[in-house]
Amino acid sequence: MAAKQKTIKYSVSCTGVGLHTGVQSTVTFHPADPNTGIKFVRNDKGDKVVTPYIDNVVDLTRGTTIEENGVRVHTTEHVMSACAGMRINNLLIELNSKEPPVMDGSSKDFVSALKEGKIIDQTEPVDFLEITKPVVYNDEEKDVEVLAVPYDGFKTTFTIQYDLDDLDVQYSSIQNAYTNYEKQIAPARTFCLLSEVTELAKQGLIKGGNVGNAVIIVDTDIDGDEVNLFKEKFGIKFHRGSRGLYKSQQLRFKNEPVRHKTLDLIAKQKVFYSRLQLMAGYVQVNSEVDTEKSEISEMKDRIDQMSSMYSGGGNLLSILQVMEDKLLGWKKDLQDGKSGHDFQI
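Residues numbered from 1 in each chain as written. Predicted model: local features only at pLDDT ≥ 70, side-chain atom pairs only at ≥ 80, totals over all residues. Heavy atoms only, no water.

**As for the overall build of the protein chain**
Line of reasoning, step 1. When helices and strands are tallied, the protein chain shows 8 helices and 19 strands.
Line of reasoning, step 2. Of all 345 residues assigned to the protein chain, the portion counted as buried reaches 52%.
Line of reasoning, step 3. Summing over all exposed atoms, the protein chain offers an accessible surface of approximately 15500 Å²; the carbon and sulfur share of this is 47%. (Helix = DSSP H or I, 4+ residues; strand = E, 2+ residues; numbered from the N terminus. Buried < 20%, exposed > 50% of the residue type's maximum accessible area, 1.4 Å probe, protein only. Areas by Shrake-Rupley, 256 points an atom, 1.4 Å probe, with all protein chains shown as cover.)

Dropping the structure here:
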């Protein structure tokens with residue numbers, strides 16, 4: 001029997017502070033009719049609607065910001081990931097400010113709220129986006145590789161690499177991203193390198209960030225002035241010169257950062273096709289950096305066209321061989337004890 005579209009039966013809310021804007025915010029999830037899709041509604045802007053769709057993405061600086069008819073919604077990815085992960089197709093997301101609350105930095109609280117609202121089937125069938133041919137996106141300059149291939153279900157594999165003791169090579173493979181989303185992906189919190197904190201603050205971001213809603217990776221030595229700055233502004237208490245994972249925090253998973261990357265990937269998939277579609281395919285990502293809007297648009301075009309080639313030339317087999325060689329190299333490093341971050345779920 002064909003899968004049915006889903007919404008919730010009752011309205012439910014979450015309240016907190018916005019990660020980047022620092023505004024107090026309440027997000028309320030409302031039921032929506034079949035074929036409505038996902039819509040944000042700014043009740044502080046005369047109930048204007050902002051649709052999370054690729055053409056409405058205006059900024060990807062540490063979050064996905066969308067705009068429609070002059071009204072913006074910042075940092076949509078954790079809410080959108082929860083909707084996609086719980087396979088909800090139709091929802092009105094009411095906001096009383098410009099950014100959803102960050103909660104604990106993951107999608108866990110949004111998932112709990114949606115379940116409290118009682119997820120229900122509707123009368124109309126789901127429109128699945130089915131990957132029928134291999135699709136590849138490759139950016140050698142940014143060391144980003146994305147591969148999507150046919151698969152019976154929705155499987156994701158994500159690999160990230162940083163030159164850090166606590167964030168070297170991390171790998172996560174989710175066999176069924178929809179079935180396992182609630183337990184294996186939604187609780188993974190956003191993370192930030194300490195070296196990025198000062199610059200992000202200068203850009204007017206992370207105004208609501210603290211150790212209660214983000215995992216902090218200490219990737220640089222810090223002096224006395226910086227120790228005081230982080231303590232006063234963000235509540236982060238460091239010892240001078242300390243490096244590694246911020247010691248007062250405990251990871252929910254040993255590979256929590258890459259799982260959060262998977263969370264964001266699922267959110268971006270929902271922004272690609274915000275109305276009714278769910279993904280059917282296997283998506284593999286090797287990346288060190290966040291993708292830009294142009295890259296997302298290009299990947300979307302590749303998926304739409306079901307192309308098996310990428311614009312830089314070459315063929316699929318050679319690309320797959322390069323990706324396989326990299327993964328085998330990282331696996332050898334792990335076996336030789338050079339990294340402790342190979343965790344598969």
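**A few points about the packing of aromatic side chains**
Line of reasoning, step 1. Counting across every chain of the model gives 2 aromatic pairs.
Line of reasoning, step 2. With a centroid separation of 6.2 Å and an interplanar angle of 80°, the aromatic rings of Phe29 and Phe110 are classed as edge-to-face. Of this pair, Phe29 sits in strand β3 (residues 24-31) while Phe110 sits in helix α2 (residues 108-116), placing them 81 residues apart in sequence.
Line of reasoning, step 3. Residue classification places Phe110 among the buried residues on the basis of a relative accessible area of 1%.
Line of reasoning, step 4. The interplanar angle of 45° and the centroid separation of 5.0 Å between the aromatic rings of Phe154 and Tyr178 together place this pair among those described as tilted. One end of the pair, Phe154, is in strand β14 (residues 154-161); the other, Tyr178, is in the loop between β15 (169-174) and α3 (181-184), and 24 residues separate them in sequence. Across the pair, Tyr178 and Phe154 agree in class, each one buried.
Line of reasoning, step 5. Its guanidinium or amino end placed over the ring of Phe253, Arg259 lies 3.8 Å from that ring's centre, counting from NZ or CZ. (Phe/Tyr/Trp six-rings, centres within 6.5 Å; stacked < 30°, edge-to-face > 60°. Lys NZ or Arg CZ within 6 Å of the ring centre and 35° of its normal.)

**Topic: the environment of Ile160**
Line of reasoning, step 1. Turning to its location among the elements, Ile160 is positioned in strand β14.
Line of reasoning, step 2. Taking the relative accessible area as the measure of exposure, Ile160 reaches 1% and is therefore buried.

**As for the environment of Lys48**
Line of reasoning, step 1. Residue position: Lys48 is located in strand β5 (residues 48-50).
Line of reasoning, step 2. Residues Lys48 and Val71, spaced 23 residues apart in sequence, show a C-alpha to C-alpha distance of 7.4 Å.
Line of reasoning, step 3. Not counting residues up to four positions away in its chain, the partners in contact with Lys48 are Phe40, Val41, Arg42, Asn69 and Val71. (Contact = heavy atoms within 4.5 Å.)

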